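Notes for the structure review
Residue strings, one per chain:
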Amino acid sequence: MDKLDGQSFHTVQHNIEKMKELFPEICTENKIDFAKLQLLLGEQIETEKERFDFTWNGKTEAIQSAQKQTTGTLRPDIAGSLDWETTKNLYIEGDNLEVLRVLQNSYHNRVKLIYIDPPYNTGNDFVYKDNFRDQMKNYKEHTNESLESNAVTSGRVHTEWLNMMYPRLKIARNLLSDEGVMFISIDDNEVDNLKRICNEIFGEENFVTTIVVKMSEPTGVKMTHVKRKIPKLKEYVLCYKKRNVTFEKIRIPKSTWDNEYKTILTNISKKEIEELKAIRDNEDRTIKDIKKSDVILANIQAVPVSEFAKKNNIEKRDLAGFLFTNAWRIIRTVSVAASVKTIADEKRKTNHNQAFVITTPNNKLYFINNHYNTAVESPRIKILFADDYLTVHPCDFWADIKTTGLDKEGFVDYRNGKKPLKLIKRILSMVALKDDDIVMDFFSGSGTFGEATVRYNIESNLSLRYILVQINENLEQLQMKLSSEAKRDTKKLIDYLKSVGRKPLLSELGKERLVCMKREIQHSTHHDLGFKNFKLDTTNLKKWEKYLSNVEQMPINLTQPVKQGRSEEDVLFEILLKQGIDIVLPIERFILGECTVFSVNGGTVFICLEKDLSLDQINILASKKPNRMVFYEDCFQNEEVRNKAQQILNQNGVEEVLVI
Ligand SMILES: C[S@@+](CC[C@H](N)C(=O)[O-])C[C@H]1O[C@@H](n2cnc3c(N)ncnc32)[C@H](O)[C@@H]1O
């Protein structure tokens, strides 16, 4: 029986394993022979003392911090959750550095997209300074006492911000899958430093782009100082990939609609039109492709948009939105050269459908409207799709996202830093994502990313799962540090949270937002609107606590291995996390042979937290043939039962037996 180690992911060990795969000859007894590695890399070793490097005070510790393990855990808060039984979304409260460490076992290499909107280092947006020696203790102390801010006057403004960001980004990269991608909002204060550390962490070759986002209007106070400075309207979103990301071909509306596009196609799907366009754009298309195009076009119908809108009760005020969202199937027709018309006329003799395709001698493919006016000399026969002309790819300059009047967006009034839902939905839509992909925001603030993911799921009929992390920043303490307007806004927020029966914590705000969203849209969707709420805490097991403080403790009373005040569920989720199991997998609790068993993921893992197990009970548990079983180390009645239990479990095909 193997002992389950109470630690989080061991980054260093993981890296050694990877090195071993590449250079088996450099490893002896789990140690790296550095001289041999140097030999193998030959001239590629940098020996210049004055080499290009970006460094700051504390960098070494920041690097080590990213590799540090923790015995911390996440405790479930079922009452604070929404749709606990069914949801696959996670809302985690706690310091994100420690939370990221805890999540590494279960979500290493699994997250498809991470977006973060960290403090921009504008003077007092820091929550507290990390203590790399003991982050958990630091977190506990700071959330009980007052929170420090990183005042500009502290003199080491950039240094502390870099020390804060470096280990978080490093672990975030570990969580990304090979096709994963990271987006980071930032402004001029730290964009240069952020890019440098990201180049180091992700590799320069994995820098995708810096998106410039217009984030405010040229109005208000900022315009009164134009003689002294140029007002700031923009922010940035840095984008880095882990290895090979695939982006979607997204389109956004141009500012106005061209009324020549006034016919809508029915009996055709977006996917079919995409197929048609792929064939059109492929110069190596085959006869089979042409035939396939004609089959797709065989049943379409062309209806005037005005008629379609009337029939479908589309109100005048909704028409512009309707046109742009249906631009993929709205068309106009134009005339063509006489030589092209001759080809179309020839095909018309045998094809009587609404539309068909032709190819020209110089290998161009045209979509032809069959029902054209034959009485005119240059009839409009060629079909143009509105989205090819009236929508554009936003590329890396986003000036179309409304940023004013958003105070009430997302139900909660969090003026200080709430991002527009449209920005986050745009980011999600950029990347090729599929059902069950995990997307994450570990500086989640008011929970915009959670709401945006749900709304994006509904609009795109997807089932992405989100993970949000937010520190339980105390707004009453924050308020004391703020002045005038920000103080008033925070007071309003505190009053609001109290009025809905919540504590004045930022993490409560995010949850409240998601609860309000569910209330509003639950009747119109079947999508997952819930979240499982977890809270960062120290380990539940006394013996694992020992690792944390690194001090020799009194012998542990094994008859009571769990700390006071911790529940069976707390221990269960800690085991899942330390075992690297996804904590949203279905869990059933049932009684077998008079003992309680948690069956994870339809019986693949059994966790039994009972004491004094007899051989009869082991026989019953083993007969269910889980792949893996977890017990307390001293759960067997005696040593003999323990040895026999191992045999019985082996005989029943239980591949792994772990004890805690
Ligand atoms: C700029 S805000 C994010 C706003 C968010 N994008 C939204 O739309 O509401 C940054 C958030 O990160 C949180 N934060 C700062 N340090 C943190 C830490 N160590 N762990 C978790 N959250 C933290 C802050 O409390 C703040 O709410």
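About the cut-offs
Residues numbered from 1 in each chain as written. Predicted model: local features only at pLDDT ≥ 70, side-chain atom pairs only at ≥ 80, totals over all residues. Heavy atoms only, no water. Helix = DSSP H or I, 4+ residues; strand = E, 2+ residues; numbered from the N terminus. Buried < 20%, exposed > 50% of the residue type's maximum accessible area, 1.4 Å probe, protein only. Contact = heavy atoms within 4.5 Å. Areas by Shrake-Rupley, 256 points an atom, 1.4 Å probe, with all protein chains shown as cover. 1 Å grid on protein atoms, 1.4 Å probe; cavity = no way out; pocket = protein on both sides within 12 Å on 5 of 7 lines; lining within 4 Å. Points joined across faces, edges and corners; volume = space filled by probe spheres on them. Nonpolar A, V, L, I, M, F, W, Y, C, P; charged D, E, K, R; others polar. Domains from an automatic or database assignment. Near = heavy atom within 4 Å. Polar contact = N/O pair within 3.5 Å; in protein donor to acceptor, adjacent residues only side chain to side chain. Axes fitted to C-alpha atoms, helices over the stretch in contact; angles between N-to-C directions. Parallel < 35°, antiparallel > 145°, perpendicular 65-115°, else oblique. Expected span 1.5 Å × (residues − 1). Arc of directions from axis to C-beta. Pairing = 2+ DSSP bridges.

Secondary structure assignment for the protein chain yields 22 helices and 26 strands. Along the three orthogonal principal directions, the C-alpha set of the protein chain runs to about 100 × 75 × 65 Å. Counting only residues that meet the buried cut, the protein chain has 51% of its 660 residues in that class. A fraction of 74% describes how many contacts in the protein chain between residues 6 or more apart in sequence connect residues 24 or more apart. Within the structure as shown, the protein chain displays about 33,000 Å² of accessible surface, and the carbon and sulfur contribution to it stands at 49%.

Okay, the layout of surface pockets next. Taken as a whole, the second largest pocket encloses approximately 1,600 Å³ of empty space. Among the secondary structure elements, those contributing two or more residues to the lining of the second largest pocket are β10 (252-253), α8 (270-281), α11 (316-325), α13 (386-389), α14 (421-430) and α15 (448-460). The leading source of residues in the lining of the second largest pocket is α8, at eight residues. Grouping the constituent residues of the lining of the second largest pocket by class yields 12 nonpolar, six polar and 16 charged. Two domains each provide a minimum of three residues to the lining of the second largest pocket, namely domain 1 (68-250 + 396-534) and domain 2 (258-388).

Let us now look at the site of the ligand. Close to the ligand lie 20 residues; Asn-96, Asp-117, Ser-446, Thr-448 and Glu-473 are nearest. Within the backbone of Lys-419, an N or O atom sits 2.9 Å from an oxygen atom of the ligand. The side chain of Glu-473 places a nitrogen or oxygen atom 2.4 Å from an oxygen atom of the ligand. Burial of the ligand by the protein amounts to 93% of the accessible area it has alone, namely 590 Å². Classifying every residue of the shell around the ligand by side-chain character gives six nonpolar, eight polar and six charged.

Moving on, we get to the packing of helix α4 (residues 96-107) against helix α20 (residues 568-579). Where α4 meets α20, the closest approach of the two axes is 6 Å, and the angle between their N-to-C directions is 70°. With respect to α20, the axis of α4 lies roughly perpendicular. Between α4 and α20, the contacting residues are Val-102, Leu-103, Asn-105 and Ser-106 on the first element and Leu-576, Leu-577 and Lys-578 on the second. Per-class residue counts for the contact of α4 with α20 are four nonpolar, two polar and one charged.

Let us look at α8. The end-to-end C-alpha distance of α8, which contains 12 residues, comes to 16 Å, matching closely the 16 Å that a straight helix rising 1.5 Å per residue would cover. Listing the buried residues of α8 in full gives Ile-273, Leu-276, Lys-277 and Ile-279. In a view along the axis of α8, the buried residues occupy a sector of 160°, so they form one face of it.

Mapping Leu-97 onto the fold places it in helix α4. Here Leu-97 falls in the buried class, since its relative accessible area comes to 0%. Placed 38 residues apart in sequence, Leu-97 and Gln-135 show a C-alpha to C-alpha distance of 8.0 Å. In contact with Leu-97, not counting residues within four places along its chain, are Ser-65, Asp-130, Phe-132, Gln-135, Pro-167, Arg-168 and Ile-171.

Turning our eyes to something else, we now look at the sheet that holds strand β25 (residues 628-631). Judged by pairing direction, the sheet is mixed, and its six strands sit side by side in the order β1-β26-β25-β24-β23-β22 without closing on themselves. Whereas interior strands pair on both sides, the edge strands pair on one side only; in this sheet they are β1 (2-3) and β22 (587-592). Here four bridges tie β25 to strand β26 (residues 656-659), and the two strands are oriented parallel to one another. Counted as the bridge partner of Val-630 is Leu-658 from β26.

At the N-terminal boundary of helix α2 (residues 34-41), the capping side chain belongs to Asp-33, with an oxygen 3.3 Å from the backbone nitrogen of Ala-35. In the stretch just after α2, Gly-42 is the one whose phi turns positive, near 50°.

Moving on: the domain arrangement of the protein chain. Each assigned domain of the protein chain is listed here: domain 1 (68-250 + 396-534), domain 2 (258-388) and domain 3 (554-659). Between the C-alpha centres of domain 1 and domain 2 the distance comes to 44 Å.

Right, let's talk about the sheet that holds strand β5 (residues 90-93) for a bit. Read from one edge to the other, the open sheet built from 10 strands follows the order β4-β21-β5-β20-β19-β6-β7-β9-β8-β18, with strand pairing classed as mixed. Where the open sheet ends on each side, the last strands, each with one partner, are β4 (73-76) and β18 (397-398). Relative to strand β21 (residues 532-537), β4 is paired through four bridges, and the arrangement is antiparallel. Bridge assignment links Thr-73 to a residue of β21, and that residue is Asp-537. Sitting on the sheet, helix α6 (residues 157-175) is in contact with β6 (111-116), β7 (176-186) and β19 (438-441), with an inclination near 150° to β7. The strands that helix α7 (residues 191-202) touches are β7, β8 (207-214) and β9 (234-241); relative to β9, the one it contacts most, it runs at about 5°.

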